[in-house]
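Below are the chains, spelled out letter by letter.
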Number of protein chains: 2
Amino acid sequence: MPSISIKGKKMPESPIRKLVPYAEEAKKRGMKVYHLNIGQPDIPTPEVALNAIRNFSQKVVAYSHSAGVLSYREKLATYYKKHDIHITANDIIIGAGASEALLFAFQTIMDPGDEVIIPEPFYANYNGFAVNAGINVKPIYSSIETGFALPPIADFEKAIGPKTKAILVCNPNNPTGYLYNAEELEVLRQLVIKYDLYLIADEVYREFVYDGNKHYSCMHLKGIDDNVILIDSVSKRYSACGVRIGCMISKNREVMKTALKFAQARLSPPSFGQVAAEAAIDTPDSYFEEVLNEYLQRRSTVVEAINKMKGAFCPNPQGAFYVVARLPIDDSDKFCQWLLEDFNYQNQTVMLAPASGFYSSEGRGKDEVRISYVLNVDDLVHAMKALEEALKVYPGRTV
Amino acid sequence: MPSISIKGKKMPESPIRKLVPYAEEAKKRGMKVYHLNIGQPDIPTPEVALNAIRNFSQKVVAYSHSAGVLSYREKLATYYKKHDIHITANDIIIGAGASEALLFAFQTIMDPGDEVIIPEPFYANYNGFAVNAGINVKPIYSSIETGFALPPIADFEKAIGPKTKAILVCNPNNPTGYLYNAEELEVLRQLVIKYDLYLIADEVYREFVYDGNKHYSCMHLKGIDDNVILIDSVSKRYSACGVRIGCMISKNREVMKTALKFAQARLSPPSFGQVAAEAAIDTPDSYFEEVLNEYLQRRSTVVEAINKMKGAFCPNPQGAFYVVARLPIDDSDKFCQWLLEDFNYQNQTVMLAPASGFYSSEGRGKDEVRISYVLNVDDLVHAMKALEEALKVYPGRTV
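What counts, and at which threshold
Residues numbered from 1 in each chain as written. Chains lettered and ligands numbered in written order. Predicted model: local features only at pLDDT ≥ 70, side-chain atom pairs only at ≥ 80, totals over all residues. Heavy atoms only, no water. Phe/Tyr/Trp six-rings, centres within 6.5 Å; stacked < 30°, edge-to-face > 60°. Buried < 20%, exposed > 50% of the residue type's maximum accessible area, 1.4 Å probe, protein only. Helix = DSSP H or I, 4+ residues; strand = E, 2+ residues; numbered from the N terminus. Pairing = 2+ DSSP bridges. Least-squares fit on C-alpha atoms with pLDDT ≥ 70 in both. Contact = heavy atoms within 4.5 Å. Core = buried A, V, L, I, M, F, W, Y, C linked by side-chain atoms within 4.5 Å. Salt bridge = Lys/Arg side-chain N within 4 Å of Asp/Glu carboxyl O. Arc of directions from axis to C-beta. Right-handed = clockwise from strand over helix to strand, strands pointing away. Axes fitted to C-alpha atoms, helices over the stretch in contact; angles between N-to-C directions.

Asker: Would you mind showing me how to read the packing of aromatic side chains here?
Answerer: Residue and element names in this part refer to chain A. Going through the model one piece at a time under the given rule, you end up with 38 aromatic pairs over all chains. Their ring planes at 75 degrees and their centres at 4.8 Å tell us that Y79 and Y80 sit as a pair that is edge-to-face. Taking the relative accessible area as the measure of exposure, Y79 reaches 5% and is therefore buried. By relative accessible area, which is 1% here, Y80 ends up buried. When the centroid spacing of 5.3 Å and the interplanar angle of 90 degrees are considered together, the rings of Y205 and F321 count as edge-to-face. Of this pair, Y205 sits in the loop between β6 (198-202) and β7 (228-233) while F321 sits in the loop between α11 (285-308) and β9 (322-326), placing them 116 residues apart in sequence. Residue classification places Y205 among the buried positions, given a relative accessible area of 2%. Every member of this aromatic cluster is reached through a ring pair, and the members are Y205, F208, Y295, F321, Y322 and Y373.

Asker: It is not clear to me how the sheet that holds strand β11 (residues 353-354) of chain B should be interpreted in this structure. Could you clarify?
Answerer: Consider a sheet: its strands pair through backbone hydrogen bonds, and that pairing is either parallel or antiparallel. Taken in spatial order, the three strands line up as β9-β12-β11 (chain B) in an open sheet, and their pairing is antiparallel. Single-partner strands in this sheet number two, and they are β9 (322-326) and β11 of chain B.

Asker: Explanation requested: the relation of the copies chain B and chain A in the structure shown.
Answerer: In summary, the two copies of the chain are related to each other by a rotation about an axis coupled with a shift along it. Superposition record for chain B on chain A: RMSD 0.0 Å, screw rotation 180 degrees, translation along axis 0.0 Å. Those values place the two copies in the arrangement expected of a two-fold rotation axis. Closest to the rotation axis within chain B is the C-alpha of R54 of chain B, separated from it by 1.9 Å. Looking at chain B, 100% of its interface residues are interface residues in chain A too, so the copies touch through the same face.

Asker: What's the story with the nonpolar core in this structure? I'm lost.
Answerer: Among soluble globular proteins, nonpolar side chains are generally buried collectively. Grouped together as the largest cluster of nonpolar side chains are 303 residues, with contacts concentrated most on M248 and F335 of chain A together with M248 and F335 of chain B. Not counting residues within four places of it along the chain, the set of residues in contact with F335 of chain A comprises L327, I329, L352, L387, A390, L391 and Y394 of chain A.

Asker: Any chance you could explain the pattern of salt bridges here in plain terms?
Answerer: As a working rule, side chains carrying opposite charge can pair if their charged atoms are close by. All names here are of chain A. Within this structure, the stated rule accounts for 44 salt bridges over all chains. K165 is the salt-bridge partner of D114, the closest N and O atoms lying 3.2 Å from each other. A residue pair is termed long-range when its members are at least 10 positions apart, and D114 in the loop between α5 (97-109) and β3 (115-120) and K165 in strand β5 (residues 164-170) qualify at 51 residues. Counted as one network, the salt bridges with shared partners bring together E203, R206, E207, D232 and R237.

Asker: Looking at this structure, how should I read helix α3 (residues 47-54) of chain B?
Answerer: Spacing of three or four residues puts side chains on the same side of an α-helix, whose turn is 3.6 residues. A49, L50, A52 and I53 of chain B are the residues of α3 of chain B that are buried. The buried residues of α3 of chain B occupy an angular sector of 155 degrees when the element is viewed end-on, so they sit on one face.

Asker: Looking at this structure, how should I read the pairing of β3 of chain A?
Answerer: Looking along a regular strand, one sees the side chains alternate between the two faces of the sheet. Residue and element names in this part refer to chain A. Among the six residues of β3, six are classified as buried, and the element is accordingly described as predominantly covered. Burial along β3 is two-sided: the residues E115, I117 and P119 and V116, I118 and E120 are all buried. Pairing geometry for β3 and strand β4 (residues 136-141), over six bridges, is parallel. Residue pairing for β4: I117 is matched across the bridge by K138. You can see the chain leave β3, run along helix α6 (residues 125-133) and come back into β4, and the turn it takes is right-handed. Strand direction decides the pairing type here: β3 and β5, joined by three bridges, are parallel.

Asker: Can you help me understand the sheet that holds β6 of chain A in this one?
Answerer: All names here are of chain A. In spatial order, the strands read β2-β8-β7-β6-β5-β3-β4; together these seven strands make up an open sheet with mixed pairing. The open sheet is flanked by β2 (92-95) and β4, the only strands paired with a single partner. Across this sheet, the average inter-strand angle for adjacent strands is 25 degrees, counted without regard to direction. The strands touched by α5 within the sheet are β2, β3, β5, β6, β7 and β8 (246-249), with β7 carrying the most contacts at an inclination of about 160 degrees.

Functional significance is not addressed by these values, which are geometric in nature.
Spelled out as structure tokens, the structure:
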């Protein structure tokens, strides 16, 4: 039998999805499984987006421009303007999700063997994209003790080497929910100037910012237009993950010209998705107010519940819809599997993402889990109760 | 300014799209431009597919399974059964077009530096995917004199080296329209057994087979289940290029398990597209009968017209909707640009794809163009007339 590639063997399994078979078995046994493992919100997609799809009137579903439908990109520019981000349609390439957009960015600026610095814990699929592009992730440690604030500048400078081409941050952060402040953005600005690096910012959770905080975008940073690549997506903003529409944005002409060649090779982004995404820009503000209010309640439910559990701790994050919590457990991979295989509280259990998958450094995150608060408050109350009971009886508990 | 990757610099520009700015200029001057450069059919997408989209009733456009919606994959298996291809839902991974599916396949079986053998001329974007995956294309020459039949087995054996991992064929072929027969498929079968290679077959034009010929699929070949990877797409079959739904199919469990990790990293294929593609499987046979009849007339129109032009020649291909024609010209890149920039026949001109972009060997295809017969017969008659007149006055004509 012909062999598989070394690259294929190196591709990581998704830490979010690898427990799925256990969850399916649990459901077959009649268990209610609360899915807090994946960032798939239960919030309805805006009607304005769904109506655009229902009114689809083209006779031929044709290729779009490789960079995306022009009218969509033009309208996107007006969306960004509202966020004080000033770009034109030419600064945007639409991708099949932020996933494809980030892969375009990686391949445009990095060759196999090059390095990108990412504060860990980080979104696990960055590892997959890095293996895909043949590049290496150099993690620098951000700690639950600081609420996962940006690591000190000295840690970045220690990590930067001759192969370093970029710093990647996710802001607000998945998996930690941390929101970088203006001072932290300024640190990044100084770093990319001093070392001539790219700054890639994944800002797909831009709208999910709490407690009166302001979101600072990488595109707000002055004097580094050629260094900045913004990655974005409609998946979370409009609860439209399946639409598979994201984008990369940069004012660096050479970056955009090169990325377009990758975009042309795959012809075009999904046409239906672009129709929905273009219409979604007209989503009324009231939609976001309701959604934010809902997530605020969910966050409180989870954060308060966890901090009441014996030996458990989690920060109160200012953005996105995730928390990374420290639990009194020996091994989060074992614990999360045990929850699905062996635990039962009134026929209920919880599916969580072991945080180990969000760290690139071996051995980290063993007593941490990521919780997505994407279910309604009632479900979250039940889920937290089940988690509390689980921690009392888990054989590998440490308190 | 930070540098661009070497990979990015190596990415080829699409030979189909690089003339687009000249076409836009021509249109601004009031010219009617017949687009025979791109495989974007004018045939309506089946109503059954569009209705499924118009009736989309889910409240949340959620991620699907990374391999694609199960009900879609199950229904796809029934589609293949009709074509005597016997597979299950587990043998299928849905991609964002055949483009993504082929990239999954390349990365699953090949590492940077590995080689894939492809008869040339070949679909130009294979070059882009190869650069993307860091692999090398080893072209072997198929000649217009034989109608672009499969090169002799000795040519394959000469090209196979220690780095060769796969043979890739497109059947029916883009750009040549050539349909490989049972004997040619048998040659490929023997080659992959003897040298333990993968056989990747891009069969997106399966339905477009003329003159009572039968399509032989790579999946019909006996005893090489672990070697075969089928690449497919709904783009051409249902004139739904913008839907961005394709797939890779293999019975090799290790291939599928590894490819799924690449699929998981990008989360899921487009949800709307899958809804349309699933519904499209119910497209009535009468749709294909009409479409085939239409393409037959178009093919005759183009092939007969070209073979009447002085010094021009094109084979009468048995599949797809392309022909590669030899024209009495010095340089097809110059000629195709000249058609858009300098030529005018009753305010009309033609946009063609220079065949040079479909050859990997330097210097080949200079007197050849690819013509997509994706316009109606009336337009094709006008386009061929314009082409005939152009050949009479082109400064670089060779007869």
